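Observations on chain architecture
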Amino acid sequence: MFLPAGSQDETGNQISNRLRASEIFRLVTKKRNFKSISTPVVEYADTFTNEVAGMDLHSMLKWFNGEGEIEVLRPDWTAAVARAIAGQHPSEQKWSYQGSVFRFDTEETESRQAGIEIVHADRFFGEAESLLTAVAYLKNLAIDSYVIELGHTGIFETLIAGYSFSDKEIEKLLQAMHDKRADVVEEIVTQAGHQQLADALLALIDAYGSKEVINDYRKRWAGHDELTAILAHIERLIDLLEASGVTEVIVDLGRVKNLPYYDGIMFRGFLTNDGSTCFSGGRYDRLYEQFEQKTSAVGLAFYVDVLAKHMKAEAEPEKICILASPKTHAIAEQFRMELDEQVVDIQYELKEGIRYHRTYQVVEEDNEYKVVER
Ligand SMILES: N[C@@H](Cc1c[nH]c[nH+]1)C(=O)O
């Protein structure tokens, strides 16, 4: 039997690492006073596709229910959690969750996330706590080679404000900026008749790297209060991360939003060894406008499958075999109960190719059963 593209089985270490990653996430977030929340896997599509959430129905796993409404498998936790907690008292601010998201536009259809959302809190506090929780979690997973990248939706948006583009053009422009395709960006702005904008956007494509990029752009954007305020904001977060022991923080001023609801700071974590993204998040105050709330909302989600792949495997415990028979199986089981630390396998005969550190056997002596080492 085969599996559809984007689905795969999992075995061994990947599973035990993933379960450990989940348990460590539970402990880390509990200790930091997050309240856990879980939403159903099946929801109305509208929770994710409404005007403010803005996600694309095409990439969702969906069907019609008996009433003709579209239901989906949860494609995103952030919009689901927002729906679930919209009616909660604003004193509840820190939420954590774990579970799968399902999307067709990613390599794997199902991917497991562990995430946090901080709502109704002071804006800088929410961003700082999100990032520091990420740092604490990675530390607890013993993952220490990673880079945190900061970006901001306001840069691109401020630069293109005042130029008219159709929704289609904006969509293409966002994609081209995301792919860092200077040629495509130039083509789109030229065709729209906004040649003057090209230089600013093309420069932005290369505006990533260490803190010096901020100093450089502070000079370039001198006098442009909105943009320099964004730079100062990013710099404050970098200072916080550096003061908390994070050695590699980079900025990408040309980063555009990867989810339609972001409006403000965006974060991402990359693992150094293969560049894979291990967490992603950002500010999304606008999402709460659908509930007539003007508030602060920020968070991030870890890609648990990615983390599990990069975690060191757990140390192997001693592996013991007890040879028994149908008659002595209960005796072997009793002996097994006394061994807390070891992996204990009971077999009726030794199988070739399976290795144990020690082997025991149930033997009969003077009408009594004993377990002895072989
Ligand atoms: N839901 C986002 C992550 C996130 C959590 N909070 C804000 N953003 C994602 O799937 O990438």
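The structure under discussion appears in the preceding block.
Okay, so let's go over this structure. (Residues numbered from 1 in each chain as written. Predicted model: local features only at pLDDT ≥ 70, side-chain atom pairs only at ≥ 80, totals over all residues. Heavy atoms only, no water.)

Brief notes about the environment of leucine 237
If you trace the backbone, leucine 237 turns up in helix 10 (residues 225-243). Separated by 87 residues in sequence, leucine 237 and leucine 150 place their C-alpha atoms 8.5 Å apart. The residues touching leucine 237, leaving out its near neighbours within four places in the chain, are Phe124, Glu127, Ala128, Leu131, Leu150 and Ile265. (Helix = DSSP H or I, 4+ residues; strand = E, 2+ residues; numbered from the N terminus. Contact = heavy atoms within 4.5 Å.)

Here we look at helix 7 (residues 182-191)
Buried within helix 7 are the following residues: Val185, Ile188 and Val189. Buried residues of helix 7, viewed axially, fall in a sector of 90°; they line one side. Elements in contact with the buried residues of helix 7: helix 6 (167-178) and helix 8 (195-205). Just downstream of helix 7 lies glycine 193, where phi reads positive at about 80°. (Buried < 20%, exposed > 50% of the residue type's maximum accessible area, 1.4 Å probe, protein only. Arc of directions from axis to C-beta.)

Here we look at the environment of isoleucine 148
Structurally, isoleucine 148 can be placed in strand 7 (residues 146-152). In this structure the C-alpha to C-alpha distance between isoleucine 148 and isoleucine 238, which are 90 residues apart in sequence, comes to 9.2 Å. Those residues within four positions of isoleucine 148 in sequence are excluded, and the remaining contacts are Leu131, Val135, Leu241, Val246, Glu248, Val249, Ile250, Arg268 and Phe279.

Considerations on the sheet that holds strand 4 (residues 70-73)
The strand order 2-4-3 describes an open sheet built from three strands, whose pairing is antiparallel. Where the open sheet ends on each side, the last strands, each with one partner, are strand 2 (42-44) and strand 3 (62-64). Adjacent strand axes in the sheet meet at a mean angle of 35° when their direction is disregarded. Where strand 3 and strand 4 come together, three bridges link them in antiparallel fashion. Paired with lysine 62 across the strands is valine 72, a residue of strand 4. (Pairing = 2+ DSSP bridges. Axes fitted to C-alpha atoms, helices over the stretch in contact; angles between N-to-C directions.)

Scope: geometric values only; no functional claims are made or implied.
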